[in-house]
Amino acid sequence: MTGPGSDTVSRGEVKDPMPRPLRTATLVGVLVLILGGCGKAAEAPSSPTVGRPELAELTIGVLPIADVAPIYLAIDRGLFANEGLEVTVELVQGGAAAIPALVAGDLDIAYGNWVSFLLANQADVDLRAVAAGVAAAPGFTELLALPESGLEGNPAGLAGTTVAVNTLANIGELAIRSTLRDAGLEPDAVQLIEFPFPEMAAALERGDADVIWASEPVPTVVKRDLEAVVVTDSFVGEMDAFPVAGYQATEEFVNANPNTVAAFRRALASAVALIRDEPDALTDTLLAYTGLPREVVEELSLPSYEAGLDAATLERVRDYLVEFGLLEEGLDVSGLVAAGSRSE
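Residues numbered from 1 in each chain as written. Predicted model: local features only at pLDDT ≥ 70, side-chain atom pairs only at ≥ 80, totals over all residues. Heavy atoms only, no water.

Peer 1: Can you walk me through the nonpolar core in this structure?
Peer 2: Burial of nonpolar side chains together is a common tendency in soluble globular proteins. Counting 116 residues, the largest nonpolar core has Ile71, Val130, Trp213, Phe235, Tyr247 and Phe264 as the members making the most contacts within it. Element by element, the count of residues in this core is highest for helix 10 (residues 258-277), at nine residues. (Core = buried A, V, L, I, M, F, W, Y, C linked by side-chain atoms within 4.5 Å. Buried < 20%, exposed > 50% of the residue type's maximum accessible area, 1.4 Å probe, protein only. Helix = DSSP H or I, 4+ residues; strand = E, 2+ residues; numbered from the N terminus.)

Peer 1: What's the story with the pairing of strand 4 (residues 109-113) in this structure? I'm lost.
Peer 2: For a regular strand, side chains alternate in direction, first toward one face of the sheet and then toward the other. Most of strand 4 is tucked away, with five of its five residues classed as buried. Of the two faces of strand 4, the one lined by Ile109, Tyr111 and Asn113 and the one lined by Ala110 and Gly112 are each fully buried. Sheet analysis places strand 2 (residues 57-62) next to strand 4, joined by two bridges and oriented parallel. Residue pairing across strands places glycine 61 opposite alanine 110, the latter belonging to strand 4. (Pairing = 2+ DSSP bridges.)

Peer 1: Hey, could you run me through the packing of aromatic side chains in this one?
Peer 2: Each pair of aromatic rings is reported with the distance of its centres and the angle of its planes. Summed over all chains, the structure comprises ten aromatic pairs. Look at tyrosine 72 and tyrosine 289: their rings are 4.4 Å apart centre to centre, the planes differ by 40 degrees, and that puts the pair in the tilted class. Of this pair, tyrosine 72 sits in helix 2 (residues 69-76) while tyrosine 289 is found in helix 11 (residues 281-290), placing the two residues 217 residues apart along the sequence. For the pair formed by tyrosine 72 and tyrosine 289, the shared burial category is buried. Among the aromatic side chains, those forming a connected cluster through ring pairs are Phe140, Phe235, Phe242, Tyr320 and Phe324. (Phe/Tyr/Trp six-rings, centres within 6.5 Å; stacked < 30°, edge-to-face > 60°.)

Peer 1: Would you explain the pattern of salt bridges in this entry?
Peer 2: Once the charged atoms of two side chains with opposite charge are near each other, the side chains can pair. Counted under the stated rule, the structure contains twelve salt bridges. With its nearest N and O atoms 3.4 Å apart, the salt bridge here joins arginine 294 to glutamate 298. Each of Arg181, Glu238 and Glu323 takes part in one network of salt bridges that share partners. (Salt bridge = Lys/Arg side-chain N within 4 Å of Asp/Glu carboxyl O.)

Peer 1: So what exactly am I meant to see when it comes to the packing of helix 2 against helix 11 here?
Peer 2: For the pair helix 2 and helix 11, the least separation of the axes is 9 Å and the interaxial angle reads 90 degrees. Judged on the interaxial angle alone, helix 11 and helix 2 are roughly perpendicular. Taking contact as the criterion, the partners of Ala69, Tyr72, Leu73 and Asp76 in helix 2 are, on helix 11, Ala281, Leu282, Thr285, Leu286 and Tyr289. When its residues are assigned to classes, the contact of helix 2 with helix 11 shows seven nonpolar, one polar and one charged. (Axes fitted to C-alpha atoms, helices over the stretch in contact; angles between N-to-C directions. Parallel < 35°, antiparallel > 145°, perpendicular 65-115°, else oblique. Contact = heavy atoms within 4.5 Å. Nonpolar A, V, L, I, M, F, W, Y, C, P; charged D, E, K, R; others polar.)

Peer 1: What should I look at first to understand the sheet that holds strand 8 (residues 191-194) in this one?
Peer 2: By way of backbone hydrogen bonds, the strands of a sheet pair with one another, either parallel or antiparallel. Spatial ordering of the open sheet is given by 8-7-9-6-10, a layout of five strands whose pairing is mixed. Two strands bound the open sheet, and with one partner strand each, they are strand 8 and strand 10 (229-233). Each strand axis lies, on average, 30 degrees off the axis of its neighbour in the sheet, ignoring direction. Bridge analysis of strand 7 (residues 162-165) against strand 9 (residues 211-215) gives two bridges, and the strand direction is parallel. Counted as the bridge partner of valine 163 is valine 211 from strand 9. Of the strands in this sheet, strand 6 (141-145), strand 7, strand 8, strand 9 and strand 10 touch helix 6 (residues 171-182), which is tilted by about 125 degrees from strand 9. Those strands touched by helix 8 (residues 218-226) are strand 6, strand 9 and strand 10, and its axis lies near 135 degrees from that of strand 9.

Peer 1: Where do I start with the packing of helix 2 against helix 10 in this structure?
Peer 2: Two numbers describe a pair of packed helices, the interaxial angle and the distance between the axes. At a minimum axis distance of 9 Å, the contact between helix 2 and helix 10 shows a crossing angle of 100 degrees. Relative to helix 10, the element helix 2 is oriented roughly perpendicular. On helix 10, the residues that touch Pro70, Ile71, Leu73 and Ala74 of helix 2 are Phe264, Ala267, Leu268, Ala271, Val272, Leu274 and Ile275.

Peer 1: Before we go on, may I ask you to explain the confidence of the model for the protein in this structure?
Peer 2: In the predicted model, the protein carries a mean pLDDT of 86, and 84% of its residues have values of at least 70. Counting contacts from residues 1-49, a segment whose pLDDT is below 50, to residues more than four positions away or on other chains yields 131 contacts. (pLDDT = per-residue confidence, 0-100.)

Peer 1: Would you mind going over unusual backbone geometry with me for this structure?
Peer 2: Backbone geometry follows two general trends: most residues other than glycine have a negative phi, and most peptide bonds adopt the trans configuration. Omega for the peptide link from glutamate 216 to proline 217 comes to 15 degrees, which places this bond in the cis form. Mapped onto the secondary structure, proline 217 falls in the loop between strand 9 and helix 8. Here glutamate 227, not a glycine, exhibits a phi torsion of approximately 55 degrees, which is positive. Looking at the element boundaries, glutamate 227 is found in the loop between helix 8 and strand 10. What makes glutamate 227 exposed here is its relative accessible area of 56%. Of note, alanine 241 is a non-glycine position whose phi angle comes to about 60 degrees, a positive value.

Structure below.
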């Protein structure tokens with residue numbers, strides 16, 4: 001479960017043979033529940049060695065994917081409570097969709113991809129990165145199609161297809177453009193359409209999309225239920241170990257609540273350390289909050305959970321966006337990482 005460095009943790013081995021596939025009728029219901037239960041940490045005193053949080057109650061926007069497991073682990077193990085925080089989670093469709101809620105104050109912090117984060121800052125929406133999230137690992141995000149599509153292992157065959165992503169102008173669009181280029185196609189060779197992750201299986205089965213771009217646990221469940229085939233892994237070549245997403249807040253929130261942000265970050269880092277040090281911690285968390293059976297959870301190809309964050313992380317994303325014409329040159333990312341969020 002330990003990743004390549006002390007700041008990362010990943011896990012994705014297959015331990016049991018696959019049982020009978022889940023029915024499609026139940027798939028959507030299961031995925032709607034994935035990491036969707038709201039939870040509050042129990043009351044506990046804040047650390048005596050640091051400033052008390054300015055805001056003790058936090059609302060965190062999360063996606064229904066395995067990336068945010070550390071949030072739920074921190075709730076379950078009382079890590080937020082130990083920092084004097086009471087945390088409630090709310091589901092969002094994607095990073096781009098969470099940004100208006102952050103600006104409106106409906107969310108205090110949100111998990112979102114770095115692409116949407118940088119595009120928002122270019123558009124003068126002042127967001128700050130407050131904590132690391134995940135980096136790409138083999139298999140955790142894939143392009144999938146039905147078995148009769150003829151697309152298995154054939155990314156060059158994507159030309160002219162309709163591909164579902166959870167939100168436009170996000171990390172999915174960047175990854176797909178990179179995949180198309182590597183396959184010798186133009187970056188706009190496919191039509192992108194939006195579907196929330198829990199609706200992608202039905203969209204694929206109905207033919208609303210020829211291909212879906214999805215993150216775990218969607219790929220594992222869809223492959224089992226619909227016998228979907230892998231067109232290609234999503235983050236390969238130059239995008240190997242690509243920084244995908246993290247936790248974000250408005251600059252105004254960060255400036256007004258530095259102790260709160262620091263407490264949130266410490267609790268999250270402690271959760272990542274638990275994933276590294278306790279082999280069953282991640283599995284137990286996913287079992288508790290996804291409603292999926294153990295044999296499915298143990299098949300998931302999970303991302304690399306990150307503990308360190310610095311401007312170099314955002315620079316890599318920025319440079320790739322500029323290369324594909326999705327971001328203008330000149331965005332300075334050096335000030336976009338909140339104070340105290342950087343790697344030690």
